[in-house]
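Observations on the three-dimensional arrangement
For reference, the chains in residue letters:
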Amino acid sequence: MSKEILPQNELIRVGGLTKDFGPFRAVNAVSFGVRKGEILGFLGPNGAGKSTTMKILTGFIPATAGEAWVEGFSVQKDSLETRRRIGYLPESSPAYPEMTVEEFLLFVAECRRINPRKNRQKRVEEILSLCFLQDVRKQTIDTLSKGYKQRVGFAQAVIHDPPVLVLDEPTDGLDPNQKQEVRKIITGMAKEKAIILSTHILEEVEALCSRLIIIDRGKILVDETPAEFRQRHEQHNRFRIGIEGIEISEAAAKLKKQDFAGSVATEGQTLLVKAPGRESIESALLKFCQQEQWSLKSFRKESGRLDEVFRQLTNPQA
């Protein structure tokens, strides 16, 4: 057993990860790292390779090529060490349906070698409270709603307080209040952990993630912050300016002569002004309007929506 030396604060490292199912390549030379304190949103359309990558990282299926490390331990060579360090919530959130919630969590605590029994019970009590499961602790899992089953799945993933969490659709099936509760739990844990979170909910990425990766057809398309990703939208950093007291065409002609205005269009009595690049033009634009003594009815900055940029990248014909 040997440890790989990872970059500072990096708890997860994936290098050249590839997975073939017969002639089909589900994951194609994927490489990335996740540092302590980072929540990585792992996104992609159905069949993109997200779940396959997470299953390899957590040791459930082997890679065809490449390697993954958790706290420096190889997933392929030191699987026992890596599994001890990972909390995994798979997409289906499997559990033993005939067990009660409390019995199941005690069983998981024992499997995770939380000893002695007194400590296991204490930890289960903490997790029941953390995941808001006290009211259903004596119910068998097969009687629970989908949302409660998902919370049980989340509870088993965090019960041993692992440094790495891999969460596949952690809020799937939850109502808005429950989603907010789980998001608070994840955010509260983030400082001491490296978290990979797969989701189809783009608002969840904005609420939780410090970074996002988009994978499509087994390859990484994007690796950047949500703010950087939003800037890819064609309307990002565009200003809508409603004016009065001057012909809109005359105002547009004056703006087109300014270096800071990359593009100028009109919509009724509204000017649509965009920067030539990603830099902000707000102060220059306001200063120019004041110099021209335009009477402004409105002045609003637009921002690109993550879901629209996601759709443009993964389905260019849409």
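Below is a short write-up of the structure.

Rules used in this analysis
- Residues numbered from 1 in each chain as written.
- Predicted model: local features only at pLDDT ≥ 70, side-chain atom pairs only at ≥ 80, totals over all residues.
- Heavy atoms only, no water.
- Pairing = 2+ DSSP bridges.
- Helix = DSSP H or I, 4+ residues; strand = E, 2+ residues; numbered from the N terminus.
- Axes fitted to C-alpha atoms, helices over the stretch in contact; angles between N-to-C directions.
- Contact = heavy atoms within 4.5 Å.
- Parallel < 35°, antiparallel > 145°, perpendicular 65-115°, else oblique.
- Left-handed = near helix turned anticlockwise from the far one by under 90°.
- Nonpolar A, V, L, I, M, F, W, Y, C, P; charged D, E, K, R; others polar.

Observations regarding the sheet that holds strand β14 (residues 295-301)
Ordered in space as β12-β13-β11-β14, the four strands form an open sheet in which the pairing is antiparallel. With one partner strand each, in any of the chains shown, β12 (263-267) and β14 form the two edges of the open sheet. The average angle at which neighbouring strand axes cross in this sheet is 20°, direction not considered. The pairing of strand β11 (residues 238-244) with β14 spans six bridges and is classified as antiparallel. For Gly242, the partnering residue across the bridge sits in β14 and is Ser298. Each of β11, β13 (270-274) and β14 touches helix α10 (residues 282-291); the most contacted strand, β14, lies at about 175° to it.

Considerations on the packing of helix α3 (residues 101-111) against helix α4 (residues 117-130)
For the pair α3 and α4, the least separation of the axes is 9 Å and the interaxial angle reads 125°. When the axes of α3 and α4 are compared, the pair comes out oblique. In this structure, α3 meets α4 at a crossing whose hand is right-handed. Where α3 approaches α4, its residues Val101, Glu102, Leu105, Leu106, Ala109 and Glu110 are matched on the opposing element by Arg117, Arg120, Gln121, Val124, Glu125, Ile127 and Leu128. Here the contact of α3 with α4 is built from residues that sort into seven nonpolar, one polar and five charged.

Here's the deal with unusual backbone geometry
Non-glycine residue Ala29 carries a positive phi angle of around 55°. Relative to the helices and strands, Ala29 resides in strand β2 (residues 24-35).

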